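Architecture and fold: a report
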Amino acid sequence: MIACLHTEDIQHLDALVEGCRRVAIAAHTHPDGDALGSAAALVCYLRQSRGKDAVAILPDSPAPSVRPIIPDGAPFLFLDRQPEECRKRIAGSDLVFLLDCNGFSRTEGLQECFEASPAPKVLIDHHLNPERERFDLVFSTPEISSASELLHWVLLSLPDIGGDARKLPADTAKALLTGMTTDTNNFANSVYPSTFRMASDLLDAGVDRDGVLSTLYNQYRENRVRAMGFLQYEDLRITPEGLAYMIVTRDIRERFDLEDGETEGLVNVPLSIDRVKMSILLKEETDHFRVSIRSKKGWSAQQVAATRFHGGGHENASGGKLYWPGDIPAPANAAAFLERVSHECLS
Ligand code: 5GP
Ligand code: MN
């Protein structure tokens, strides 16, 4: 068992699972590989190993690039596609899990349903500042690669798995490795000794890593690769203080026919430049930009997300939103806003 887990919590979790019939599993809006991987892993474990009627319920359907992470047949509901079913399922569940985010506000349109549910609630997450008081049981540590890794160690600690990853359902094992791989950017960031142990356990258990990598990194559309080139060549700006930023406007999205999720990973690229301390990517939506922030050690993406963009996340990988007319008069003022953030936060 890893250091952040306690025997009483594992016993409590095992008893909650044993005593429940219908389980709702939630994760954050705009689900990434870790949100989908951890939710898929848990839903498959609860159904296949424990015989529970478990469903994953997310606020919005995943981008095409991460959709293949959901194993065939794993039950997932999305608020934007099946609103009534989502609400009914949450109200009818007698156990609720929240994965890969620190509170129900990150489930956006589902927040009220989840908060109104009288079912016991379990948090399994690796973000800063978990909303502990909202949960009956909390597994939370920022000292880990991903929610998928934390879930891996939680599942391995349960009596039926008994520390042997080969006892996990194959779908669960694969989804855990997939979630961890995406959140570490394929073992580049937030990797701990326990992360390699987890990977080693899962490879021993028979997970096809080449298949996972191929699904994640070798199935992009040509447009996506060309858009990445354009954004890095034409759009990237670097301030004198070392803030790199790119703004994916609606025009650029239309020009390259970019789909939601296709800019995933791009925000990391400018960090490879020597004088860059922090990288910000803005994506234009209807009344706001979605904001992705990455930073080198010694510079806090989390602080910038929390103080300038209504967001949060991890010390070196965070996100948030930039609204107009609330934060800036109009989308065209975003660059000036970022220049000011650079001056105020990186000087
Ligand atoms: P990404 O840049 O990959 O979308 O997100 C990076 C990290 O920041 C993720 O851990 C994500 O959960 C978190 N994050 C992204 N957007 C928001 C937001 O609007 N609010 C908060 N609190 N966290 C966010
Ligand atoms: Mn995560």
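Scope of this entry: the structure provided in the associated data block. (Residues numbered from 1 in each chain as written. Chains lettered and ligands numbered in written order. Predicted model: local features only at pLDDT ≥ 70, side-chain atom pairs only at ≥ 80, totals over all residues. Heavy atoms only, no water.)

As a further point, take the coordination of the manganese ion (ligand 2). The protein atoms that coordinate the manganese ion (ligand 2) are Asp-34 (OD), Asp-100 (OD), His-126 (NE2) and Asp-183 (OD), at distances spanning 2.2 to 2.4 Å. Mapping the donors of the manganese ion (ligand 2) onto the primary sequence yields the spacing D-x65-D-x25-H-x56-D. Remark: Asp-183 occurs in helix H6 (residues 170-183) and His-126 occurs in the loop between strand E5 (121-125) and strand E6 (137-140); sequence separation between them is 57 residues. Residue classification places His-126 among the buried positions, given a relative accessible area of 2%. (Donors = N, O, S within 2.8 Å, 3.2 Å for Na, K, Ca; no water. Helix = DSSP H or I, 4+ residues; strand = E, 2+ residues; numbered from the N terminus. Buried < 20%, exposed > 50% of the residue type's maximum accessible area, 1.4 Å probe, protein only.)

This part covers the nonpolar core. Formed by 59 residues in total, the largest nonpolar core has its most connected members in Ile-25, Phe-76, Phe-97 and Phe-139. Looking at which element gives the most residues to this core, the answer is helix H2 (residues 33-48), with 10 residues. In this structure Phe-139 touches Leu-5, Asp-9, Ile-10, Leu-13, Val-122, Leu-123, Ile-124, Asp-125, Leu-150 and Val-154, once residues within four positions along its chain are discounted. Core analysis: the next-biggest nonpolar cluster, separate from the first, contains 21 residues, Phe-289, Val-304, Ile-328 and Val-341 among them. (Core = buried A, V, L, I, M, F, W, Y, C linked by side-chain atoms within 4.5 Å. Contact = heavy atoms within 4.5 Å.)

Our focus in this paragraph is helix H9 (residues 222-235). Along its 14 residues, H9 runs 19 Å from first to last C-alpha, staying within 8% of the 20 Å computed at 1.5 Å per residue. Those residues of H9 not exposed but buried are Arg-224, Ala-227, Met-228, Phe-230, Leu-231 and Asp-235. Summarising the axial view, the buried residues of H9 lie within an arc of 165 degrees, below the 170-degree limit, and thus occupy one face. Across from the buried face of H9, at angles greater than 90 degrees, the exposed residues are Glu-222, Val-225, Arg-226 and Tyr-233. (Expected span 1.5 Å × (residues − 1). Arc of directions from axis to C-beta.)

As a matter of local geometry, ligand 1 sits amid Arg-106, His-127, Ser-292, Arg-294, Gly-311, Gly-312, Gly-313, His-314, Ala-317, Ser-318, Gly-319 and Gly-320. Contacts to ligand 1 include Gly-319, whose backbone N or O atom sits 3.1 Å from an oxygen atom. In isolation ligand 1 has 500 Å² of accessible area, and contact with the protein removes 78% of it. If you list the elements that add at least two residues to the shell around ligand 1, you get strand E10 (288-295), strand E11 (312-313) and strand E12 (317-323). The dominant element in the shell around ligand 1, judged by the number of residues it contributes, is E12, at 4 residues. A breakdown of the residues in the shell around ligand 1 according to their chemical character gives 1 nonpolar, 9 polar and 2 charged. (Near = heavy atom within 4 Å. Polar contact = N/O pair within 3.5 Å; in protein donor to acceptor, adjacent residues only side chain to side chain. Areas by Shrake-Rupley, 256 points an atom, 1.4 Å probe, with all protein chains shown as cover. Nonpolar A, V, L, I, M, F, W, Y, C, P; charged D, E, K, R; others polar.)

Okay, helix H7 (residues 193-204) next. Taking 1.5 Å of rise per residue, 12 residues should cover 16 Å, and H7 covers 17 Å from first to last C-alpha, within 8% of that figure. Along H7, the residues that are buried comprise Ser-194, Thr-195, Met-198, Ala-199 and Leu-202. Seen along its axis, H7 keeps its buried residues to an arc of 140 degrees; they face one direction. Relative to its buried face, H7 has exposed residues pointing more than 90 degrees away, namely Pro-193 and Asp-204. Contact partners of the buried residues in H7: helix H5 (147-157) and H6. Remark: Gly-206 follows H7 within two positions and exhibits a positive phi of approximately 105 degrees.

Looking now at the sheet that holds E10. A sheet is described by the order of its strands in space; here 6 strands give the open sequence E7-E8-E9-E10-E12-E11, paired in mixed fashion. The sheet is open, and its two borders are formed by strand E7 (237-238) and E11, each paired with just one other strand. Where strand E8 (residues 243-248) lies against strand E9 (residues 278-284), 6 bridges are found, and the strand directions are parallel. Paired with Met-246 across the bridge in E9 is Leu-281. Along the sheet, H9 contacts E7 and E8; its crossing angle with E8, the most-contacted strand, is approximately 125 degrees. (Pairing = 2+ DSSP bridges. Axes fitted to C-alpha atoms, helices over the stretch in contact; angles between N-to-C directions.)

Here the focus is the packing of aromatic side chains. The tally for this structure, following the rule as stated, stands at 7 aromatic pairs. Both rings, one in Phe-104 and one in Phe-135, keep their centres 5.2 Å apart while their planes meet at 20 degrees; by these two values the pair is stacked. Of the two residues, Phe-104 sits in the loop between strand E4 (95-99) and helix H4 (111-116) while Phe-135 sits in the loop between E5 and E6, which places them 31 residues apart along the sequence. On the basis of relative accessibility, which here comes to 1%, the residue Phe-104 falls in the buried class. In textbook terms, an aromatic cluster arises when at least three aromatic residues are bridged by ring pairs, as seen for Phe-104, Phe-114 and Phe-135. (Phe/Tyr/Trp six-rings, centres within 6.5 Å; stacked < 30°, edge-to-face > 60°.)

Before going further, it helps to examine the sheet that holds strand E3 (residues 76-78). Each strand in a sheet pairs with its neighbour through backbone hydrogen bonds, running either in the same direction (parallel) or in the opposite one (antiparallel). Here 6 strands make up an open sheet; going across it, the order is E3-E2-E1-E4-E5-E6 and the pairing parallel. The open sheet terminates on both sides in strands that have one partner only, identified here as E3 and E6. Ignoring strand direction, the axes of neighbouring strands in this sheet form an average angle of 20 degrees. The sheet contact formed by strand E2 (residues 53-58) and E3 spans 3 bridges and is parallel. By the bridge assignment, Ala-56 is partnered in E3 with Phe-76.

This part covers the pairing of E5. Summarising burial for E5: 5 of the 5 residues are buried, a large majority. Residues Lys-121, Leu-123 and Asp-125 of E5 are buried on one face, and the alternating residues Val-122 and Ile-124, pointing to the opposite face, are buried as well. When E4 meets E5, the two strands line up parallel, connected through 4 bridges. What sits directly across from Leu-98, in E5, is Leu-123. Remark: the E4/H4/E5 crossover connection has right-handed handedness. In the sheet, E5 pairs with E6 via 4 bridges, with the strands oriented parallel. What sits directly across from Val-122, in E6, is Leu-137. (Right-handed = clockwise from strand over helix to strand, strands pointing away.)

Keep in mind these values describe shape, not function.
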